[in-house]
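Chain residues, written in single-letter form:
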Amino acid sequence: MHDAGAAGVSGDLTHFRQEFHRSLSKRPDALFELVDAVLCADGPVRSLPELSLVGEHRRGHGGLYAGLARGRLDADRLRGALVAGPLPRAADGRLVLAVDITCWLRPEAHTSPQRILCHTYGRGKDTHIMVPGWPYSVVVALETGRSSWTAPLDAVRLAPGDDAATVTAQQVRQVVSRLLEANHWRPGDPEILLVADAGYDGPRLAFLLHDLPVIVLVRMRSDRVLRRPAPAHLPGTRGRPRRHGDEFVFGDPATWGQPDVTTRTDTRLYGPALARAWNRLHPRLTRRTTWATHIEKLPIIEGTVIRLEVGRLPSGAVPKPVWLWHSGIDLNPVMVDLLWQAFLRRFDIEHTFRMLKQTLGWTSPKLRTPEQGDRWTWLILAAYTQLRLARGLAADLRRPWEKTTRPDRLTPARVRRGFRHIRTTIGSPTTAPKPTRPGPGRPAGRPNQRPAPRHDVHTVTSPDTHQPRKRKTTKSTTPRPRRTG
């Protein structure tokens, strides 16, 4: 990298570290050096006491615990610092945001409040079970091409009783507002693309974000049923005009008709990719679930449905068709190809979650209160952002069995290996620790007279009876298509 480019990268990293330090108002040096310890540790973070032994953490383990327990972090100021720096963009120059929920599982933390039953995958043979924990909704900016990097922009913990769609819409609205204030989007630029998986209600997200320069792309279940536009009301026809047209059943090819757009692309990993798009399809909404409190007339939310078929999967599994719903209409073939490729890039957020949990130790500490969990979550996001900004300064400290990689293709884990050398060149805003003496603590042999209170796990209740929902004991062998939104 040229000297001017390296100086710019170093300036972005130094500016973010200074803003991060300013966002810490109580015990800032202890929390800042805790993040440096996470970045400079030799291996994956397993526990907090081990971090206190890293050379970059000049304070004792008591200061580490006190910083997490009683430190203060201005999350709004840190959110502004996350969007102030350079952000990745797609090939056409637009910002692509991905949102997903990941859980910090706390199954045995009976003294931790506000735990929710989290849906977990792969914990047994073909079984999905519910485990108590703290779910977090995370918004990241995606890069173009094959990469394991993303740019985290926000993280919000879902409290008991929160509706995921409503929280996500409010979170995305705040993120987009900060992007507009930072001049990452100007009038005339391509609209910001929001990509989500099948757990989100795409039409409702599009309805809640219709006043922002945002278009929505979500995956839909293969048992959905959408409607075509209503036919014109002929003069002299008795009865009220129809609001919905014929059905478009995902599982019934006889209802599809001819697609409006068809594209074929040869890919290296997936073989031939066939994408077919049908224009102006919408779900039939009913006044229940999230639309139960909607006072006005239920809207008609039209969009484009894309069916993607690939020849093979890199894992060798049998590929299944993917159904996507996009809030835009009248798409051209170029836009259809960009959308399904952007959806495949959505899975890069899973690499970020794995990096946060397995390497940076996001879920390793056994913190008691959710406020401490939020504070630690923001510290981990600040650490990951520093790795992203240091990509242009890191050297490839590869293991003997690893292949040589170009500097611009280093993974987050390989950038972290050289962060200790980068830190010596950019400095640290912290001050030298003062000598202190440890407190007396509880005398040996005296039991704890104030045990921590225990909290129950929050369970979803029925909105009518306020009683826990009954779990289905048998699985239906003849599932019916979902004909309502």
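In this numbering scheme, every chain counts its residues from 1 along its sequence in written order. Given that this is a predicted model, residues contribute local features only at a pLDDT of at least 70 and side-chain atom pairs are listed and counted only at 80 or more, while totals for whole chains, interfaces and linings are drawn from all residues. To obtain the side-chain values, all non-hydrogen atoms of the structure were used and water was disregarded.

**A short note on the pairing of strand 4 (residues 116-120)**
- Exposed residues in this analysis have more than 50% of their type's maximum accessible area, buried residues have under 20%, and partly exposed residues fall in between, with area computed by a 1.4 Å probe over protein chains only. Numbering of helices and strands runs from the N terminus, with a helix taken as a DSSP run of H or I at least four residues long and a strand as a DSSP run of E at least two residues long. With burial as the criterion, only one face of strand 4 is covered, namely that bearing I116, C118 and T120; the residues L117 and H119 on the opposite face remain uncovered.
- At least two DSSP bridges between two strands are required for those strands to pair. Bridge count for strand 4 against strand 5 (residues 129-142) is five bridges, and the pairing is antiparallel. Among the inter-strand pairings, T120 is bridged to a residue of strand 5, identified as I129.

**Overview of the packing of helix 2 (residues 28-40) against helix 4 (residues 61-70)**
- Helix axes are fitted to C-alpha atoms over the stretch in contact, other axes to C-alpha atoms as well, and angles between N-to-C directions run from 0 to 180 degrees. Contact pair helix 2 / helix 4: the axes reach a minimum separation of 9 Å and the direction vectors enclose 105°. Here helix 2 lies roughly perpendicular to helix 4, going by the angle between them. Along the contact surface, helix 2 presents A30, L31 and L34, while helix 4 presents G63, L64, G67 and L68. If an angle is under 35 degrees, it is roughly parallel; if it is over 145, roughly antiparallel; if it lies from 65 to 115, roughly perpendicular; otherwise it is oblique. Should any heavy atoms of two residues lie within 4.5 Å, those residues are considered in contact.

**Looking at the packing of aromatic side chains**
- Classification of ring pairs rests on two measures: the distance between centres of Phe, Tyr or Trp rings, Trp counted by its six-membered ring, which must be within 6.5 Å, and the angle between planes, read as stacked under 30 degrees, edge-to-face over 60 and tilted in between. As enumerated under the stated definition, the model contains 15 aromatic pairs in all.
- An aromatic cluster is built from F248, F250, W256, W278 and W323, whose rings are joined through pairwise contacts.
- Over a ring means this: the NZ of a Lys or the CZ of an Arg is within 6 Å of the ring centre and within 35 degrees of the ring normal. Across the ring face of W134, the terminal group of R106 is positioned such that the distance to the ring centre comes to 5.3 Å.
- One residue, R204, lies across the ring of W291, its end atom 5.0 Å from the ring centre.

**As for the confidence of the model for the chain**
- The pLDDT averaged across the chain works out to 88; a share of 93% of its residues lies at or above 70.
- On a range of 0 to 100, pLDDT expresses the predictor's confidence in each residue. Here residues 462-466 scores under 50 on pLDDT; set against residues more than four positions off or in separate chains, the count is three contacts.

**Notes on empty space enclosed by the protein**
- Cavities and pockets are defined on a 1 Å grid built over the protein atoms alone: a cavity is a set of grid points where a 1.4 Å probe fits but cannot escape, while a pocket is an open set with protein on both sides within 12 Å along at least five of seven lines, and lining residues are those with an atom within 4 Å of any such point. Grid points are joined across faces, edges and corners, and a volume is the space filled by probe spheres set on the points. Counting across every chain of the model gives one cavity of 30 Å³ or more.
- Here the largest cavity defines a volume of roughly 50 Å³.
- T102, V138, A155, L356, W362, T377, I380 and L381 are the residues that line the largest cavity.
- When residues in the lining of the largest cavity are grouped by element, the largest group, three residues, is from helix 10 (residues 370-389).

**Observations regarding the nonpolar core**
- Core analysis: the largest hydrophobic core is formed by 77 residues, its most contacted members being F20, L51, W376 and L379.
- Looking at which element gives the most residues to this core, the answer is helix 10, with ten residues.
- Those residues within four positions of W376 in sequence are excluded, and the remaining contacts are L34, V38, L48, L51, L68, W104, L360, G361, W362, P365 and L367.
- One finds V139, V172, M220 and W323 within the second-largest nonpolar core, a separate group that totals 40 residues. We call a set of buried residues a nonpolar core when its members are Ala, Val, Leu, Ile, Met, Phe, Trp, Tyr or Cys and they connect through side-chain atoms within 4.5 Å of each other.

**Structural notes on helix 9 (residues 348-359)**
- Helix span, expected: 1.5 Å multiplied by one less than the number of residues in the helix. Taking 1.5 Å per residue as the helical rise, helix 9 with its twelve residues ought to reach 16 Å, and the 16 Å between its terminal C-alpha atoms agrees with that figure.
- Taken together, the buried positions of helix 9 are D348, I349, T352, F353, M355, L356 and T359.
- Contacts from the buried residues of helix 9 go to strand 3 (96-105), strand 5, strand 6 (150-157), helix 8 (333-345), helix 10 and helix 11 (412-417).

**Some remarks on the layout of surface pockets**
- Of the pockets and cavities examined, the second largest pocket occupies roughly 1600 Å³.
- As for the second largest pocket, its lining consists of 50 residues, of which L269, Y270, L344, R345 and F347 are closest to the centre.
- Residue assignment for the lining of the second largest pocket shows that the elements contributing at least two residues are strand 8 (214-220), strand 11 (261-267), strand 13 (303-310), strand 14 (322-326), helix 8 and helix 9.
- Counting residues per element, the lining of the second largest pocket draws most heavily on helix 8, which supplies seven residues.
- Residue polarity is assigned by list, with Asp, Glu, Lys and Arg as charged and Ala, Val, Leu, Ile, Met, Phe, Trp, Tyr, Cys and Pro as nonpolar; anything else, Gly included, falls into the polar class. Across the lining of the second largest pocket, the residue classes break down as 25 nonpolar, ten polar and 15 charged.

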